[in-house]
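# Tertiary structure, described
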Amino acid sequence: MALDVELAEIRSFLAGHPPFDQLPGPVLDALPRSLAIEYFRRGTLILARGEQPTRLLVVRSGAVDVHDRDGLLVDRGGAGTCVGGRALVAGEVSHDQVSAFEDTLVLSLPAAAFETLRAAHPVLTRFFAPPDEERLGRAAVVRRAGARDGSVLRTHVRDLVRRSPVTVSGAASVTEAARVMAQERVSSLLVLVDGRLAGILTDRDLRTRVLAAGRDPGVPVAEVMTRDPVGTPPDALALDVLLELVTRNIHHLPVVSEGRPIGMVTATDLLHLEQANPVYLVGDIQRAPDEQAVARLGGRLGEVVESLVDQDASADDIGRILTLVGDAVERRLLELAEGRLGTPPVPYAWLSLGSRARREQALHADQDHALLLDDAAGAEHAAYFATLAEDVTRGLEAAGYPRCPGEVMATNPARRVPLRAWRHQFTSWLDRPSPEAVLQASIYFDLRHVHGEERLTSLLLDHVRDSARSATLFLAHLAKEAAAHPPPLGFFRGLVLEKAGAHRDTLDIKRGGAGLVVKVARVHALAVGSPATNSRTRLGDAVGAGVLSEALGADLRDAWEFLSFVRLRHQAGQVREGVEADNFVAPDELSSFEKRHLREAFAVVRTAQGALGQRHPLHAVP
Amino acid sequence: MRSAPEGRTPAGRLRLLAVDVETTGLDPARDALLAVGFVPVDGTRVDLRGARRVVVRHDGDPGPSVALHGLTHDVLSDGVPLEQVLAELLAALAGRVLLAHHAPLEIGFLDAACRRLTGSPLRTPVVDTVALQRRLVTSAWEPEPAPGSLRLWAARRRFGLPDVPAHDALSDAIACAELYLAQVAELTAAGGGQEPTLSRLRATGGWRSALRRRWR
């Protein structure tokens, strides 16, 4: 027994690395005795493509490179990386080639001993099985399982309902209704006609529609109530309610099940759930008296991210909430500017572009926007919109949204033009694409209306949607660009990518991560004429149109969620430390579990890039 | 008993036994052997199945360095008689080359034990990783190794081999064996892919003795 203790160092090494960390203690105690130690000098071949591995290797020190059949680097692993496991489990030859990137010491377990161990411990087989679509999804679930309960984002509406609804018949008088409200100490009543929800009566209705309007309090409630109020089903998430309240600027939402009211949810109920609640931030922004106040409130975005990440909200939810705040800032700045400059001389629409247009905003995102003017606009109106654009851009900058270095902003005269000019611009991108133009133009295909004349935006979007789906050459260029940059698979276990500058030894999780999924989703969406801008929705539309397999679509959505969450959590950490948020993640911020899933997310992206190339043949592109 | 490997055996086919001893001091005539650790090396593979650490039985007080090795009197009185330790070691060494880091210490103690218990000296070819390291770190321009650079842990660091906190006969024997793998890999690369032979590995001197051989 004393002998096993001698190999304790090797045992503890194995105990610290998956999948061996899953083995029972006594099995780990005995394992070192089955091993050999080998050494590979940097640059030497460890496992050739097409070779049947004779043993499982575990990197003890140094690093190995894995190249796939196309000669592409798909993995670079340091201590703990296993070589040959997948081929041994599949009973196949190795599809990859593994070589020593650094001088590398490995532990080796003979194939026969590995088989015996695997038969007794299926966890090993699972670990080395090829990745399946479940894995990333499971990662998201595991991540969430450790989170605190009770956050606004995961609470269901039914859990917020505190009492059965206080109702009144539509035939009752306003006076009777007011008496019920006073008795029951509520600020609103649900009005029933034949047992079904017909309307809602609130404190505000009594003030504005009865008292201020000088109406007789003896009239039936049905005459002053708000008819057919918006309701929510009991299984909706509190997040949905929150968004509903914010976007409609209302405070009460009836909970309705099969047409019958079962309760009421109010903004106050949500307040009890949440302290750093974005609802209140958005509300405050909407009421901000001036640009300074907007800037101050916008500066609290970091806290919002920190608190949402703490509650383990999904990246999708966080992106939507940050978008909501960003939209509120932009709208308020436009209202303030209009108030100062006077009524717009011709109708216009303010367009959001890029990540906020996709409802995927993170921290430290550039401001990307454009102005779409009515075709009636002339040279005499130029000054008004130039000032409007400059004021809003300056306001956004003060609120923490840096200017776009690529001039994708309404301050750029080329991005402040009438509808016909925008149509012409899109047509020229679509009909005469060049690689540079496609790269530059892609951000304009993520476009969403924020403020002003929505009709103008709809006209432009219809035009873009109709012409993009048949623009074969443009789509092929866009697909080529989307597949041009493989995910940075070299980023693993302390090994690095960014080799120079302030961000060396880190991974650009935006450009090399979720950004790659965004590009893939964009090509698919444009090709199938999807009006969506959100990447997850776009992927769903692509699956629906049959251009993307259901499995790959689900994998890509999981990959986007995982990569985006890693990014947001990184930014939340920076907020906590009081440093400016960026997209550069260092390897030691990730657990080995997360590194594994990062690796799988990257593999999914690579597969999707490959499939994209086949669907939009690159040979069509000169 | 298997015959000793021939001088022209290439490293890839060479069988060795990495050995390390724990003693109460450096003088085989006065100091006691406390434990022996060894692990076989087959070509370029360290075989942990054959890894052993054997504690020598001592009933009396073997001296103050006991504390250094963490070998308590209880452990030592639980040990194996020296005859048996030697028999186990010699069985494992049969047909193999003795590999050690600073081999004179291991040879000194094992040879003294052999002479005392069997009446004959220890006969084995020897490869010393200190000598190999000296050859790798010195050149015509750097005739002397940097102070301390030949010590086991410094030598390992040069090859990026991991630091191991433990310090007993077996972990040091394994550490020596790993160092040997790295040294052979470097010598093979330096020789244009040609593996060094046993004779080449046993040549003790650095560049000076190589020069001397050439001019002799």
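Looking at an unreviewed UniProt entry, one finds chain B named Exonuclease domain-containing protein and attributed to Nocardioides donggukensis.

Looking at an unreviewed UniProt entry, one finds chain A named Cyclic nucleotide-binding/CBS domain-containing protein, with Nocardioides donggukensis as its source organism.

## Here we look at the overall build of chain A
Counting its regular elements, chain A contains 25 helices and 20 strands. Considering chain A as a whole, with its 622 residues, one finds that 45% of them fall into the buried category. Long-range pairs, those at least 24 residues apart, make up 73% of the contacts in chain A between residues at least 6 apart in sequence.

## Looking at the interface of chain A and chain B
Contacts between chain A and chain B engage 19 residues on the former and 24 residues on the latter. Contributions of two or more residues to the side of chain A that touches chain B are made by helix H1 (2-6), strand E1 (36-40) and strand E3 (55-61) of chain A. With four residues, E1(A) is the largest single contributor of residues to the side of chain A that touches chain B. Tallied by class, the residues present in the side of chain A that touches chain B amount to eight nonpolar, three polar and eight charged. Across three bridges, E1(A) lies against strand E3 (residues 45-47) of chain B in antiparallel orientation. Note that in E3(B) the partner of Ala36(A) across the bridge is Asp47(B).

## Concerning the environment of Leu105(A)
In this structure, Leu105(A) sits in strand E8 (residues 104-110). You can call Leu105(A) buried: it has 24 C-beta atoms within 10 Å. Counting along the chain gives 66 residues from Leu105(A) to Tyr39(A), while the straight-line C-alpha distance between them is 4.5 Å. Not counting residues within four places of it along the chain, the set of residues in contact with Leu105(A) comprises Ile37(A), Tyr39(A), Arg60(A), Ser61(A), Gly62(A), Leu161(B) and Glu178(B).

## Quick word on the confidence of the model for chain A
Residues and elements named next belong to chain A. Chain-level pLDDT for chain A is 84 on average; 90% of the residues reach the 70-or-more range. Within chain A, strand E15 (residues 348-353) carries the highest mean pLDDT (96), whereas helix H7 (residues 133-145) carries the lowest (42). Taken as a whole, residues 132-150 scores under 50 in pLDDT and shows 25 contacts with residues more than four places along the chain or in a different chain. Overall, residues 493-500 carries pLDDT values under 50, and its contacts beyond four positions in sequence, including any with other chains, amount to 26 contacts.

## Structural notes on the sheet that holds strand E9 (residues 167-169) of chain A
Residue and element names in this part refer to chain A. With respect to topology, four strands assemble into an open sheet ordered E9-E10-E11-E12, the strand pairing being mixed. Strands with a single pairing partner mark the edges of an open sheet, and in this sheet they are E9 and strand E12 (226-227). Of the strand pairs in this sheet, strand E10 (residues 188-193) and strand E11 (residues 196-202) are connected by six bridges, and their pairing is antiparallel. Residue valine 191 lies in a different strand from E11, and its bridge partner there is glycine 199. Each of E9, E10 and E11 touches helix H9 (residues 174-184); the most contacted strand, E10, lies at about 130° to it.

## Here we look at helix H22 (residues 510-527) of chain A
Residue and element names in this part refer to chain A. With 18 residues, H22 should cover 26 Å at 1.5 Å per step; its first-to-last C-alpha distance of 24 Å lies within 8% of that length. Along H22, the sharpest change in direction is near 35° and occurs at leucine 516. Taken across its 18 residues, H22 has 17 buried, putting it largely inside the fold.

## Structural notes on the confidence of the model for chain B
Residue and element names in this part refer to chain B. Considering every residue of chain B, the mean pLDDT works out to 83; 82% of them sit at 70 or more. Note that residues 205-216 has pLDDT below 50 and, in this model, ten contacts with residues that lie over four places away or in other chains. Predicted complex, confidence summary: ipTM 0.86, pTM 0.55.

## Focus: the pairing of E8(A)
All names here are of chain A. Within E8, six of the seven residues are buried, which leaves the element mostly enclosed by the surrounding structure. Pairing of E3 with E8 involves six bridges; the strand directions are antiparallel. Looking at E8, one finds that serine 61 is bridged to leucine 105.

## With respect to the sheet that holds strand E18 (residues 447-452) of chain A
Residues and elements named next belong to chain A. One open sheet accounts for four strands, arranged E17-E16-E15-E18; its pairing is mixed. With one partner strand each, in any of the chains shown, strand E17 (416-418) and E18 form the two edges of the open sheet. Within this sheet the neighbouring strands show an average axis-to-axis angle of 30°, counted without direction. Where strand E16 (residues 369-373) meets E17, three bridges bridge the pair, whose relative direction is parallel. Across the sheet, residue leucine 371 finds its bridge partner in E17, namely arginine 416.

## Topic: the pairing of strand E2 (residues 33-42) of chain B
Residues and elements named next belong to chain B. Within E2, nine of the ten residues are buried, which leaves the element mostly enclosed by the surrounding structure. Looking at chain direction, strand E1 (residues 15-23) and E2 are connected through nine bridges and run antiparallel. Pairing of alanine 18 across the sheet is with valine 39, part of E2. Sheet topology note: the E2/strand E4 (residues 52-55) ladder contains four bridges and is antiparallel. Paired with glycine 37 across the bridge in E4 is arginine 53. Sheet topology note: the E2/E3 ladder contains two bridges and is antiparallel. Bridge pairing links valine 41 to valine 46 in E3. Hairpin connection, E2 to E3: the antiparallel pair is bridged by two residues, and glycine 43 has positive phi, about 65°.

## Considerations on helix H25 (residues 592-615) of chain A
Helix length check: H25(A) (24 residues) gives 35 Å between terminal C-alpha atoms against 34 Å at 1.5 Å per residue, within 8%. Taken together, the buried positions of H25(A) are His597(A), Leu598(A), Glu600(A), Ala601(A), Phe602(A), Ala603(A), Val604(A), Val605(A), Ala608(A), Gln609(A) and Leu612(A).

## Notes on the packing of helix H3 (residues 82-93) of chain B against helix H4 (residues 103-118) of chain B
Describing two packed helices takes the angle between their axes plus the distance from one axis to the other. Residue and element names in this part refer to chain B. Between H3 and H4, whose axes approach to 11 Å, the crossing angle comes to 115°. You can see that H3 and H4 cross each other, and the crossing is left-handed. Contacts between H3 and H4 pair Leu82, Glu83 and Leu86 from the former with Ala113, Cys114 and Leu117 from the latter. Classifying every residue of the contact of H3 with H4 gives five nonpolar, no polar and one charged.

## Notes on the environment of Ala92(B)
Residue and element names in this part refer to chain B. Position of alanine 92 relative to the elements: it lies in helix H3. Distance from alanine 92 to glycine 50, taken between C-alpha atoms, is 8.4 Å for residues 42 residues apart in sequence. Aside from chain neighbours lying at most four places away, what touches alanine 92 is Leu17, Phe38, Pro40 and Gly50.

## Some points on the environment of Glu454(A)
Residues and elements named next belong to chain A. Structurally, the position occupied by glutamate 454 is in helix H20 (residues 454-468). A residue is classified by how many C-beta atoms lie within 10 Å of it, and glutamate 454, with 11 of them, is exposed. Residues glutamate 454 and proline 347, 107 residues apart in the sequence, show an inter-C-alpha distance of 9.7 Å. Ignoring anything within four residues of it in the chain, the contact list for glutamate 454 reads Ala349 and His449.

## Concerning unusual backbone geometry
Residue and element names in this part refer to chain A. With an omega of 0°, the peptide bond between proline 18 and proline 19 qualifies as cis. Tracing the chain through its elements places proline 19 in the loop between helix H2 (8-15) and helix H3 (25-30). In the Ramachandran plot, histidine 364 falls in the positive-phi region, its phi being about 60° despite a non-glycine side chain. Along the chain, the position of histidine 364 falls in the loop between E15 and E16.

What counts as what
- Sequence order as written defines residue numbering, which begins from 1 separately in each chain.
- Whichever chain is written first becomes A and whichever ligand is written first becomes 1, with later ones labelled in order.
- Given that this is a predicted model, residues contribute local features only at a pLDDT of at least 70 and side-chain atom pairs are listed and counted only at 80 or more, while totals for whole chains, interfaces and linings are drawn from all residues.
- Runs of E in the DSSP output that reach at least two residues are strands. Runs of H or I that reach at least four are helices, and both are numbered from the N terminus.
- Residue burial here comes from a neighbour count, namely the number of other C-beta atoms, placed from the backbone, that lie within 10 Å of the residue's own C-beta, with 20 or more meaning buried, 12 or fewer meaning exposed, and in between meaning partly exposed.
- Contact between two residues is assigned when their C-beta atoms, built from the backbone, lie within 7 Å.
- For this classification, the nonpolar set comprises Ala, Val, Leu, Ile, Met, Phe, Trp, Tyr, Cys and Pro, the charged set comprises Asp, Glu, Lys and Arg, and every other residue, Gly included, is treated as polar.
- Pairing between two strands is assigned when DSSP locates at least 2 bridges connecting them.
- The predictor rates its confidence in each residue with pLDDT, a number between 0 and 100.
- Note on geometry: axes are lines fitted to C-alpha atoms, helical ones only across the stretch in contact, with angles between N-to-C directions running from 0 to 180 degrees.
- Multiply 1.5 Å by the residue count of a helix minus one, and that product is the helix's expected span.
- In this analysis the local bend is the angle between axes fitted, respectively, to the seven residues ending at and the seven residues starting at the residue.
- Each helix crossing is assigned a hand: it is left-handed if the near helix lies turned anticlockwise from the far helix by less than a right angle, otherwise right-handed if that turn is clockwise.

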